[in-house]
Amino acid sequence: IRVWDFDKVEEHNIQNQIYTQKDLGRSKVSALSRVIRNLGGQIKINESVVDDKTDLRGLVIVAVDSMKARQEIFDACRFNWAVDYYIEARMGGHLGMIFGLDPRNPESVDKYCQYFYADSDVTNPICATNETVPALWYVAASIAQFVLLYKQSIILKETYREGIINMNDQPIVNFDAYVLI
């Protein structure tokens, strides 16, 4: 597993993420590497931004804060034959969206690209507070499910999935044609 991030751990990250006080000021990937190592695992880290020159391969999972960053990462994956599958999650307040697609499939690319917009066109609600943690866990569980399906070769080329998580009134997770309450 290879992880890219250029960001540093800040005070607000500690409240709802896996970081601790001793991680303050460290790079997020370095702090994550320490956590994974303590759990008996290992990851490769890159303290950098992903752009269209980044060598991405296999399964790519995107969880970033801006549409600009999403577009730049997707540009590195779009029609890239080294990328098997692309998973992207968005979170804002009590709402989340998850996308899973084959970035080499033109139909999937067209469907996904409809969800791009300018960062200036929206107000970004805070994604991680005590109140929004349940929605965050739904998003994380959805990503984990995509990864399991990918590893079991159930999700392969030419597929496109999108899901919506809405925790505003009651827990609702809607993926394609089915709803779980």
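The sections below set out a description of the structure shown in this document.

Side note on the pattern of salt bridges
Then step 1. Scanning all chains against the criterion turns up ten salt bridges.
Then step 2. One salt bridge in this structure joins Arg70 and Glu88, with 2.6 Å as the shortest N-O distance. Of the two residues, Arg70 is situated in helix α3 (residues 67–77) and Glu88 in strand β4 (residues 83–92); the sequence distance between them amounts to 18 residues.
Then step 3. Residue classification places Arg70 among the buried residues on the basis of a relative accessible area of 6%.
Then step 4. Among the ionic pairs, Arg78 bridges to Asp75, the shortest N-O distance being 3.0 Å.
Then step 5. Taking relative accessible area as the criterion, Asp75 reaches 42% and is therefore assigned partly exposed.

Quick word on the packing of aromatic side chains
Then step 1. Evaluation of the coordinates by the stated rule reveals nine aromatic pairs.
Then step 2. Ring centres of Tyr85 and Phe146 lie 6.5 Å apart, and the angle between their planes is 40°; this geometry places the pair in the tilted category. Of this pair, Tyr85 sits in strand β4 while Phe146 sits in helix α5 (residues 133–151), placing them 61 residues apart in sequence. Exposure class is identical for Tyr85 and Phe146. Each is buried.
Then step 3. The interplanar angle of 70° and the centroid separation of 5.4 Å between the aromatic rings of Tyr86 and Tyr112 together place this pair among those described as edge-to-face. Taken together, the positions of Tyr86 in strand β4 and Tyr112 in helix α4 (residues 106–113) put the pair 26 residues apart, joining distant regions of the chain.
Then step 4. Relative accessible area serves as the criterion here: at 0%, Tyr112 is assigned to the buried category.

The rules behind each value
Residues numbered from 1 in each chain as written. Predicted model: local features only at pLDDT ≥ 70, side-chain atom pairs only at ≥ 80, totals over all residues. Heavy atoms only, no water. Salt bridge = Lys/Arg side-chain N within 4 Å of Asp/Glu carboxyl O. Helix = DSSP H or I, 4+ residues; strand = E, 2+ residues; numbered from the N terminus. Buried < 20%, exposed > 50% of the residue type's maximum accessible area, 1.4 Å probe, protein only. Phe/Tyr/Trp six-rings, centres within 6.5 Å; stacked < 30°, edge-to-face > 60°.

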